[in-house]
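Structural characterization, general
These are the residues of each chain, in order.
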Amino acid sequence: MIHVGQSLQNGGDPDVALMARAIEEAGLDGVWCGDHLAFPGQWLDSPTLLGAAAAVTERVTVGWSVMLPALRPPAWAAKQVASVQRISNGRLQLGVGLGRPGPEWQIAGTTQTGRAARTDAFLAALPDLLAGRPADPSLDGTLAGTTLDPAVPMPPLWIGGRSDAALRRTVRFGAGWLASPLPPDRLAARARELAALAGPDQAPPRVAAGVFAAPGLDAAESAERLHGLFGLDAESAAALALGGSPEQLAEGLARYRDAGADTLVVIPFGTDPFEAAGLLGQARALLG
């Protein structure tokens, strides 16, 4: 069964509760959001946003796509994960990534240098922290045997990115891979590489994919708007942008499913996000 979720608008002045309910009522499977402290646009705090979305929904999962734990002290990041898991009654999907170079590292009081090592230490400690067990202090000196309360179940874990390091991290932590937007053929090739890295003694990791979509716009206009919004070259924008009717959206989403993804995080652009949810819900129903 494929999961089709929608990324929340996080910028400007979004009505988080209304949008989360609209996504659920449209028949989609999940509400997702990214994570930044200082980034172009007016970003809301992601744990607060997901907690609000969880509080007004009952069925959909709520997920980070992706959280940047290296921006935070590891125990604090784990506490935020645990809080959203508790508020959502176990509906959290936890995507984790390294983040990009930029000013938010200094604003957070840390550095971008070493963010991979800090992320790995967080991922290694997280199962114990969420279970209420003392964290292994050797993983990160700041943990020093820290315990957190209340205990919550470990959520499904997704490693974000498209690099070789992201694939290796996915295998190391027994997680799923949440790919940044890629064309379906490229996603399929990388999924095969991921399965080869896992080897015969480990089940192939699950695959999720970010998907750009402008529901209701035709293919040419979708590609043009994606090109303008994200600065992609015309060829890349045309390969990544989905658009059109629910039937056309379903065909595009099916290509990602056929490429090996069982979870899709749709990033709407160029259209009203509430209208996007309705059209994506119809496309979701067509996928079965």
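Preceding this paragraph is the structure being described.
All values derive from a computational prediction rather than experimental measurement.

Our focus in this paragraph is helix H8 (residues 219-230). The end-to-end C-alpha separation of H8 is 16 Å, in line with the 16 Å expected for 12 residues at 1.5 Å each. If you check which residues of H8 are buried, you get Ser222, Ala223 and Leu226. Here the buried residues of H8 occupy an arc of 95° about the axis, which is enough to place them on one side. Facing away from the buried side of H8 by more than 90 degrees, the exposed set consists of Ala220, Glu224 and Gly228. Residue Asp218 occupies the N-cap position of H8, its side-chain oxygen lying 3.2 Å from the main-chain nitrogen of Ala220. Positive backbone phi, at 70°, marks Gly231, one or two positions downstream of H8.

A few words now on the pattern of salt bridges. Scanning all chains against the criterion turns up 10 salt bridges. Where Arg169 meets Asp120, a salt bridge forms, and the shortest distance between an N and an O atom there is 2.6 Å. Taken together, the residues span a long stretch of sequence, with Arg169 in helix H6 (residues 164-172) and Asp120 in helix H5 (residues 115-131) at a distance of 49 residues. For Asp120, a relative accessible area of 14% gives the class buried. We note a salt bridge from Asp258 to Arg257, for which the minimum N-O separation is 3.4 Å. With a relative accessible area of 60%, Asp258 lands in the exposed category. On the basis of relative accessibility, which here comes to 34%, the residue Arg257 falls in the partly exposed class. A single network of salt bridges, built from pairs that share partners, joins Asp120, Arg169 and Arg172.

Below, the discussion takes up unusual backbone geometry. With an omega of 10°, the peptide bond between Ser65 and Val66 qualifies as cis. Looking at where Val66 falls in the secondary structure, it is placed in strand E3 (residues 61-67). Omega for the peptide link from Asp149 to Pro150 comes to 5°, which places this bond in the cis form. Examined against the element boundaries, Pro150 turns out to sit in the loop between H5 and strand E5 (157-160). Look at Asn89: it is not a glycine, yet its phi comes out positive at around 55°.

Moving on to the pairing of strand E9 (residues 263-268). Counting buried positions over the six residues of E9 gives five, a clear majority of the element. Where strand E1 (residues 3-7) and E9 come together, four bridges link them in parallel fashion. Note that in E9 the partner of Val4 across the bridge is Leu264. Sheet topology note: the strand E7 (residues 207-215)/E9 ladder contains six bridges and is parallel.

Conventions and cut-offs
Throughout this document, residue positions are counted from 1 along each chain, in the order its sequence is written. Side-chain atom pairs in this predicted model are given and counted only at pLDDT of 80 or more, local residue features only at pLDDT of at least 70, and totals for whole chains, interfaces and linings cover all residues. Just so you know, side-chain values use all the structure's heavy atoms and leave hydrogens and water out. Where helices and strands are cited, they refer to DSSP runs of H or I of at least four residues and of E of at least two residues respectively, numbered from the N terminus. Here the expected span of a helix is defined as 1.5 Å times the quantity of residues minus one. Buried means the residue's accessible area, taken with a 1.4 Å probe over protein chains only, is under 20% of the maximum for its type, while exposed means over 50%, and partly exposed covers the values in between. Working definition: the arc comes from the directions between the helix axis and the C-beta atoms, pointing outward to the latter. Residues adjacent in sequence count toward polar contacts only when both atoms are side-chain atoms; beyond that, a polar contact is any pair of N or O atoms within 3.5 Å, and within protein one must be able to donate a hydrogen and the other to accept it. The term salt bridge refers to a side-chain nitrogen of Lys or Arg lying within 4 Å of a carboxyl oxygen of Asp or Glu. Strands pair, by our definition, only if DSSP identifies at least two bridges between them.

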